[in-house]
Amino acid sequence: MVNIMSSAPIVRRITAQFRRWPPRKFHLYISRFNSTAPGSKREHYNVVIAGGGAVGSALARLVLDDSIGLDGNSKYNSRRPLKIALLEQRSSPPPLCDVVESSSEPNSSFPHPRAYALSPTSLSYLGPSVLQSLVRSNRCGIYDSMQIWEHDGPAQLHFVGDDLEGAIHDGRLVDLNSYLHKPEELLDIKAKPWLGAVIEDAPLVSAIWDELRNDNRIDLLDNVQIKSIEAPSYNAMGKVVPPPPVYITCSRTKSQGQDESYTLSADLLVAADGANSFVRKSMGNFPMMTRAYGRKAVTCTVELDTSKGTQGMARTAFQRFLPFGPIALLPVWNSVDTNQTNGPIYANVVWSTTPSEANHLLSLSSSDFVSTLNHYLCQGPNVNPSLLSDSTAAGINGSLFTKFAKEIDSLLRTANTALTMGTWTESPSRNFFRMPPRSVRVAGPMLGFDLTLSHVLTSSASGNRHGGYMSPRVSLVGDAAHMMHPMAGWGLNLGMGDVVALANLVKEAINLGMDVGGTVLFLDQYNYDRMLKGWGMVGSVHGLNELFGQSDSVLKSVADFDEHQRGRNVGSIQKLLGFSRSLGMNLVIGIGPVRRALVEVAAGATPKEIP
């Protein structure tokens, strides 16, 4: 979270710039913003947000949130004088109560596969009201345990909510249980800290819009098509008098089917309209780096088998790495009563694999898909394959060297297995491997989407720097600025980081009586912060994907995996990488401070201050 108030030099520069404004020009600037061009319908806003989905609506909620100050704790003294417009291309989402009631219908009585895995910090940005409504309507799949393991090694990563107690105690992470229970209730129920939660897209957006509808400082405009955007040039930025506003020409379809055209003006236009952002493409000054992974993800909702005492695992997230990509089994709709014995328990499946295999999985019947899923997910850790193939061992001259090489190979693999067993004795909550519950049927549609890595770039043209997350009076958030592999579940979480950083800057500008979109210092601060953190996260996830995907070069299909399990078609390099990964996982889970630091990063906790 960006805290501009803690940066004294920036505040002094902004205040000095504000004080140097000539009063006459300043009043001309204000009158120009309040004017309406002849023969047109024009409304001026502090912020116009293009895209009313999860990212856009969350940004609007945070900008309007006066319950906390910029330091994250203190309450703002009064309502900020804001005027915001949220533009949604589709019809406005129904209230959350209608979404829940519609789920009682036969074709909607299960979770939709389009869902997000949110970290505790991202969940805290939703606010207590939104989170409470999602949990109480059973649309929040909380998990306080996570198990990760590989196909070709004995090691496993098992994280639990207790790993976050230090960060919560130090005030570096919000205890989300405090949003749902009174302090005296927390002592009685002894609730574990959350590692995260899975929330469907439709309930999440509906819950946020329900809160926005209660604030008269925002206009919620649905069925809006943006036709054109007119923004000032870079040459207009950085001067004493702020540049002209950005103009957005739109058409809106009314309930009678008639289209109404009008033009909005804004201090700041925010592109929250997804990976194919119309705003970003229309501006033409946001260069993008794009790389196709050559992989495709299959996602669906499955019903879990509850006949074998698996109800206790309803709050556990599972992920197994296969040679061709990971399979994730994430809890959903299980937050109200995790000990329920009546009614089904659902989970979301996200399976990353090659495009050909993904298409094959999508073509399977429900029973065949479930059978395939159980076959590849419901397997425990394996021993490391021999680092020496038979041909390599036979090629070593002399029987003594052959025997020595084999003994060293056996010793290394035995030591790695022993390290795995040693981690089981640390605490009762992570002292053994838990087999994932089996799936019994696919509930609802199966979806597929190609996996792509993308991020905005900065460049220079004619001596002017442009690109990144901002241009004059325009900013990017969420998928409009970046996309990444879903293996770590950080897509929307990174977007929520964009949202809170930009929201803080907008509120900072309002508090100082400044113009956030026309002041270079604000936009530069947002651009610098998000470029650094965005590239850092995208690069880290990409590195993990490359590391865990090295063994897939010898496999062309899921069918090849059975041969792979028997040790065939695996080169020495792949075996060595698999051994190294397994050893690294053992070190992470076995060294408490390292494991807790890793969990805190994933949860979005504020780093510890170095004395």
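Let us look at the structure shown here. All values reported here derive from a predicted model rather than from experimental measurement.

Summing up its helical and strand segments, the chain has 20 helices and 22 strands in all. Across the 611 residues of the chain, 52% fall into the buried class. If you take every contact in the chain between residues at least 6 apart in sequence, the share linking residues at least 24 apart comes to 80%. For the chain, the exposed area adds up to about 27000 Å²; of that, 55% sits on carbon and sulfur atoms.

This paragraph deals with the sheet that holds strand β3 (residues 115–118). Across the sheet, which stays open at both edges, the three strands sit in the order β3-β7-β4 with antiparallel pairing between neighbours. Looking along the sheet, the strands with just one partner apiece sit at the ends: β3 and β4 (141–143). Across the sheet, the mean angle separating the axes of adjacent strands is 15 degrees when strand polarity is ignored. When β4 meets strand β7 (residues 196–200), the two strands line up antiparallel, connected through three bridges. Note that in β7 the partner of Ile142 across the bridge is Ala197.

All right, on to empty space enclosed by the protein then. One pass over the full model with this rule turns up three cavities of 30 Å³ or more. Roughly 50 Å³ of internal volume is contained in the largest cavity. Considering the residues around the largest cavity, the lining is formed by 13 residues, among which Leu304, Met313, Thr316, Pro331 and Ala347 are closest to the centre. Those elements that provide at least two residues to the lining of the largest cavity are β13 (316–322), β14 (325–332) and β15 (346–353).

Reading the values: the criteria
- Residues numbered from 1 in each chain as written.
- Predicted model: local features only at pLDDT ≥ 70, side-chain atom pairs only at ≥ 80, totals over all residues.
- Heavy atoms only, no water.
- Helix = DSSP H or I, 4+ residues; strand = E, 2+ residues; numbered from the N terminus.
- Buried < 20%, exposed > 50% of the residue type's maximum accessible area, 1.4 Å probe, protein only.
- Contact = heavy atoms within 4.5 Å.
- Areas by Shrake-Rupley, 256 points an atom, 1.4 Å probe, with all protein chains shown as cover.
- Pairing = 2+ DSSP bridges.
- Axes fitted to C-alpha atoms, helices over the stretch in contact; angles between N-to-C directions.
- 1 Å grid on protein atoms, 1.4 Å probe; cavity = no way out; pocket = protein on both sides within 12 Å on 5 of 7 lines; lining within 4 Å.
- Points joined across faces, edges and corners; volume = space filled by probe spheres on them.

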